[in-house]
There are 2 protein chains.
Amino acid sequence: MIEDIRKRVLDQVKPTPADAKRLMATAMEIIGRIDAEATRQGFDIHAIHVGSTARDTWLRGKRDIDIFLPFPPDTSREQLELAGLKLARIVSDDYEERYAEHPYISAIYNGYEIDLVPCYDVPDPSRIQSAVDRSPFHNRYVQSRINGMCDEVRLMKQFTHGTGVYGSELRTMGFSGYLCELLIIRYGSFIDVIRQGAGFHKGVIIDIEGHMNREVEHLEPLIVIDPVDPKRNVAAALSEQKLYEFVDACRQFEERPAIEAFFPPETEGFDEPQLLQALDNRGTLLVAITFKAPDIVEDTLYPQLRKAEESIVRMMEQHEFRVFGSGVWSDGKRSAIVLEMLIWSLPQIERHLGPPLEQREHATRFKEKYPAAYVYGYRYAVDLPRKYADAASLIQDRLISCALGKQVSESIRQDFIVLTGSGILNIGEGIGAFLKSLLG
Amino acid sequence: MIEDIRKRVLDQVKPTPADAKRLMATAMEIIGRIDAEATRQGFDIHAIHVGSTARDTWLRGKRDIDIFLPFPPDTSREQLELAGLKLARIVSDDYEERYAEHPYISAIYNGYEIDLVPCYDVPDPSRIQSAVDRSPFHNRYVQSRINGMCDEVRLMKQFTHGTGVYGSELRTMGFSGYLCELLIIRYGSFIDVIRQGAGFHKGVIIDIEGHMNREVEHLEPLIVIDPVDPKRNVAAALSEQKLYEFVDACRQFEERPAIEAFFPPETEGFDEPQLLQALDNRGTLLVAITFKAPDIVEDTLYPQLRKAEESIVRMMEQHEFRVFGSGVWSDGKRSAIVLEMLIWSLPQIERHLGPPLEQREHATRFKEKYPAAYVYGYRYAVDLPRKYADAASLIQDRLISCALGKQVSESIRQDFIVLTGSGILNIGEGIGAFLKSLLG
């Protein structure tokens, strides 16, 4: 059973020998050209191929090759960037400069997307000068340990894909490829990771090299000590939600192994009648706050969207509305914060609590201000007309006073639209699938 | 100004000399007859006149006279009751037996209601055998200290009447007559009680004799040590609400002395159009649970009604409804628990939280039971149809499972009716006034 599933999955995700050969040849060719050009320009550097394509843990269909250009540690930042880009550009005319922590070149060559990243060639990972300097160490570590387990990594990666927990970006907050590799190195096989994963819980520590730094406090749900850096948690980006979704998936797979865990059936998003039906069954109100997506990378956008979501939910609850669930969405053009409201409309009256009578001065001032104040236990209270009797008017009036994150706030200040019910389906493509997953 | 108000109040509440003379003559006559009859029957007892009519602190219109029959402490309980009742009955043929802690006679004579209460003639209050044995000591204490301040007590009593805080029974939980007398004894005059009262707060201790027992912990809002019993708090029945209503009234009177504090304008209860108007303005829903009033004294009934009120409110909140205010009502025939609902209807869907995934066995059982369970943070959850989507159906179904108090529960088990909105006005007379005060 399991054997059969393994085979069927690998049949689909393992690169063909031809694929692999072609990719490796391309990488070697680029490295050769860069090294030659470096020598020509008088640099003593040797480009290296890193990432999953270098360690044979990539999934079929992957078209990115990561090439790092390690400069001596005493190279100035400016020099590194300048020289790095100069070398990188020779790969192809079809390229663009991009920025992560520092600039790199993304070039199209031979049908592959080649990322050419200048970095520092530090002697050990404790002396990295930029986050990318760590990658060559990760590469070396995995290459030295992964022998014979590459297919296990592929199964693991496809499993996290299929169960929706793959991706360490701040959009997903799930499992990175490197984390998948480390789990296989630690437990030896895909099925052993599943067995162990079924028992994972908050606070589990995986320290393959047994070298964790006890002075560093890790508060993240799962702690996987980086074999090349005792202070670093490789699973730092993993959210509690994704950890337990993984645990749930492992248990399910353990109990009933099924190929669907790797390749879930594609589901269609809600169309209008389906959404209306779902809302009618649930009796809730769907409210979306939508605005132009700020022009920032997802790793900056999603934390801001979640911050906005959180403050809007808090504002709702402070005004006695109730939010059943919420989520954030963006397609690069429009962004949205979507709330499923349990209570979105309230009676006109509101009890406004005043000071304790024991604080006589405050109490007297309150009663002067509100002659209708009455004694309510040990304090004054007064019944006032509620300022916001429905959730939409609260949003319209007070949204921009919420903590929203810089660029999200700027975009919302320019313009936002509040939509309810099936009107939300018009925000952009893919919103129907998002709403389907939000409503369960 | 104050002088004028004092005068006008006393003009109305001080018994006329003729009233006083007639009442005292009646009391003396009864005592004479009882003492004679006692001698005839071979008892060595002397009846005593106690209460406000005995200490000249009564308000005009009062028609009750309290006569106590103190028996030697070694009299058996049966003897005391038997002999007491035998003596008491000679006052009038028009009498009935009543029960407080033990039986007493309430007789109509000369247009007065005479309460004839057998008690034990104990040497000091620390040796009382029944709560009523304390009354003769209270009587003696007040009589020895109240000289020249009787009108101050009358002002005080009328003030607590007018401001709605008079009455130490469990229905009102306010100020007793004896408490009013002690406050006057402590502060010397009505206006001084007002001044001090304006500064009262939870935990204030008034210990006229400076003899409080520090080993007895008093948790009540106001502590007035009984001058005849260092362990007893005379204000034990006073609720926090009534304490602060009194404080509020004192402050208001201090700032703007007005005769209305003693004689508030009579207000009419809500009629149907007024109630509908008020509910329309507030946007809330009024719900009444009504049932046959149990045949028990108010001091037993009201605590049970409040207990029922509290558990019904708690049940509402547990099911995610929200109660804005509530109250209890009884006219002796019907009783009612009335709720003003802020949220009385909820969407069909409800999130049912399951165990943390960390508790694997529980978690697995939950998921088997609810295949639609999903990961919600560190635990499972499942969306289920809400069992009670409106408050009325919750009451209908679950009322009898609430903690209601013995006789209230018995009555509700026999039958109860749930009314909403203006239908509640039909429960009984006086309900309109109650609803008016409930809705502020």
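Residues numbered from 1 in each chain as written. Chains lettered and ligands numbered in written order. Predicted model: local features only at pLDDT ≥ 70, side-chain atom pairs only at ≥ 80, totals over all residues. Heavy atoms only, no water.

Quick notes on the packing of aromatic side chains
Item 1. Here the structure, examined in full by the defined rule, presents 27 aromatic pairs over all chains.
Item 2. Seen from their ring centres, Tyr374 of chain A and Tyr376 of chain A are 6.3 Å apart, and the 85° between their planes marks the pair as edge-to-face.
Item 3. You can call Tyr374 of chain A partly exposed: its relative accessible area is 24%.
Item 4. By relative accessible area, Tyr376 of chain A is classed as partly exposed at 37%.
Item 5. Grouped by ring-pair contacts, the aromatic residues Phe159, Phe175, Tyr187, Phe190, Phe200, Phe246, Phe253 and Phe262 of chain A constitute a single cluster.
Item 6. The residue whose ring lies beneath Lys202 of chain B is Tyr378 of chain A, and the NZ or CZ to ring-centre distance is 4.7 Å. (Phe/Tyr/Trp six-rings, centres within 6.5 Å; stacked < 30°, edge-to-face > 60°. Buried < 20%, exposed > 50% of the residue type's maximum accessible area, 1.4 Å probe, protein only. Lys NZ or Arg CZ within 6 Å of the ring centre and 35° of its normal.)

Focus on the sheet that holds strand E10 (residues 322-330) of chain B
Residue and element names in this part refer to chain B.
Item 1. Pairing is antiparallel across the open sheet formed by 4 strands, whose spatial order is E10-E11-E9-E15. Each having just a single partner strand, E10 and strand E15 (417-420) make up the two edges of the open sheet. Along the sheet, successive strands turn relative to each other by an average axial angle of 20°, direction set aside.
Item 2. Against the sheet, helix H14 (residues 431-438) touches strand E9 (285-292), E10 and strand E11 (334-343), its axis set at about 150° to E10. (Pairing = 2+ DSSP bridges. Helix = DSSP H or I, 4+ residues; strand = E, 2+ residues; numbered from the N terminus. Axes fitted to C-alpha atoms, helices over the stretch in contact; angles between N-to-C directions. Contact = heavy atoms within 4.5 Å.)

Looking at the confidence of the model for chain A
Item 1. Chain-level statistics for chain A give a pLDDT mean of 94 and a share of 100% at 70 or above.
Item 2. In the predicted complex, the global pTM is 0.85; the interface-specific ipTM is 0.91. (pLDDT = per-residue confidence, 0-100.)

Focus: the relation of the copies chain B and chain A
Item 1. Expressed as a screw operation, the relation of chain B to chain A combines 0.0 Å of axial shift with a rotation of 180°, fitting to an RMSD of 0.1 Å. In symmetry terms, the pair is related by a two-fold rotation axis. No C-alpha of chain B lies nearer the rotation axis than that of Ile343 of chain B, which sits 4.4 Å from it.
Item 2. The residues that chain B uses at the interface reappear at the interface of chain A in 100% of cases, marking a shared surface. (Least-squares fit on C-alpha atoms with pLDDT ≥ 70 in both.)

Let's talk about the sheet that holds strand E15 (residues 417-420) of chain A
Residues and elements named next belong to chain A.
Item 1. Across the sheet, which stays open at both edges, the 4 strands sit in the order E10-E11-E9-E15 with antiparallel pairing between neighbours. Single-partner strands in this sheet number two, and they are strand E10 (322-330) and E15. Taking each pair of neighbouring strands and ignoring which way they run, the sheet shows an average axis angle of 20°.
Item 2. Pairing analysis gives 4 bridges linking strand E9 (residues 285-292) to E15, with the strands arranged antiparallel. By the bridge assignment, Ala288 is partnered in E15 with Leu419.
Item 3. Packed onto the sheet, helix H11 (residues 298-318) meets E9, E10 and strand E11 (334-343) and runs at close to 160° relative to E10.

Considering the packing of helix H8 (residues 190-197) of chain A against helix H9 (residues 240-255) of chain A
Residues and elements named next belong to chain A.
Item 1. Contact geometry for H8 and H9: axes closest at 8 Å, N-to-C directions at 115°. Every pair of crossing elements has a handedness; the one defined by H8 and H9 is left-handed. Counting all contacts with H8, which are made through Phe190, Ile191, Val193, Ile194, Arg195 and Gly197, the residues of H9 involved are Phe246, Val247, Cys250, Phe253 and Glu254.
Item 2. Classifying every residue of the contact of H8 with H9 by side-chain character gives 8 nonpolar, 1 polar and 2 charged. (Left-handed = near helix turned anticlockwise from the far one by under 90°. Nonpolar A, V, L, I, M, F, W, Y, C, P; charged D, E, K, R; others polar.)

Here we look at the pairing of strand E14 (residues 379-385) of chain A
Residue and element names in this part refer to chain A.
Item 1. As judged from the 6 bridges shared by strand E12 (residues 349-356) and E14, these two strands associate in the antiparallel manner. By the bridge assignment for E14, Pro356 is matched with Arg379.
Item 2. In the sheet, strand E13 (residues 374-376) pairs with E14 via 3 bridges, with the strands oriented antiparallel. Within the sheet, the bridge partner assigned to Tyr376 lies in E14 and is Arg379.

Some remarks on the interface of chain B and chain A
Item 1. Taken together, the contacts link 42 residues of chain B with 42 residues of chain A.
Item 2. Buried surface at the junction of chain B and chain A, both sides included, amounts to about 3600 Å², of which 50% is carbon and sulfur.
Item 3. Among the residues chain B hides against chain A, the three largest losses belong to Arg251, Phe324 and Arg360 of chain B. Together they make up 17% of the total.
Item 4. Across the chain B-chain A interface, the total number found is 8 salt bridges. (Buried area = accessible area lost by both parts, 1.4 Å probe. Salt bridge = Lys/Arg side-chain N within 4 Å of Asp/Glu carboxyl O.)

Some thoughts on empty space enclosed by the protein
All names here are of chain A.
Item 1. Under the defined criterion, the tally for this structure stands at 1 cavity of 30 Å³ or more.
Item 2. Looking at the largest cavity, its volume works out to about 40 Å³.
Item 3. Around the largest cavity sit Ile2, Ile5, Arg6, Leu155, Phe190, Phe253 and Phe262, which together line it.
Item 4. In terms of residues, the lining of the largest cavity owes the most to one element, helix H1 (residues 2-13), which gives 3 residues.
Item 5. Its residues assigned to classes, the lining of the largest cavity shows 6 nonpolar, no polar and 1 charged. (1 Å grid on protein atoms, 1.4 Å probe; cavity = no way out; pocket = protein on both sides within 12 Å on 5 of 7 lines; lining within 4 Å. Points joined across faces, edges and corners; volume = space filled by probe spheres on them.)

Side note on the pairing of strand E8 (residues 229-233) of chain A
Residues and elements named next belong to chain A.
Item 1. For strand E7 (residues 222-226) and E8, the ladder comprises 2 bridges, and the chain directions are antiparallel. Residue pairing for E8: Ile225 is matched across the bridge by Asn233.
Item 2. Here E7 folds back onto E8 in antiparallel fashion, the turn holding 2 residues.

Overview of helix H1 (residues 2-13) of chain B
Item 1. In this model H1 of chain B runs 16 Å from its N-terminal to its C-terminal C-alpha over 12 residues, within 8% of the 16 Å that 1.5 Å per residue would give.
Item 2. Of the surrounding elements, those touching the buried residues of H1 of chain B are helix H5 (150-162) and helix H8 (240-255) of chain B. (Expected span 1.5 Å × (residues − 1).)

Things to note about the side chain of Thr26 of chain A
Residue and element names in this part refer to chain A.
Item 1. With respect to the element layout, Thr26 can be found in helix H2 (residues 17-41).
Item 2. Here Arg22 takes part through its backbone oxygen, which lies 2.8 Å from a polar atom of the side chain of Thr26.
Item 3. Those residues in contact with Thr26 that sit more than four places away from it in its chain are Ile65, Tyr109, Asn110, Tyr112 and Ile114. (Polar contact = N/O pair within 3.5 Å; in protein donor to acceptor, adjacent residues only side chain to side chain.)

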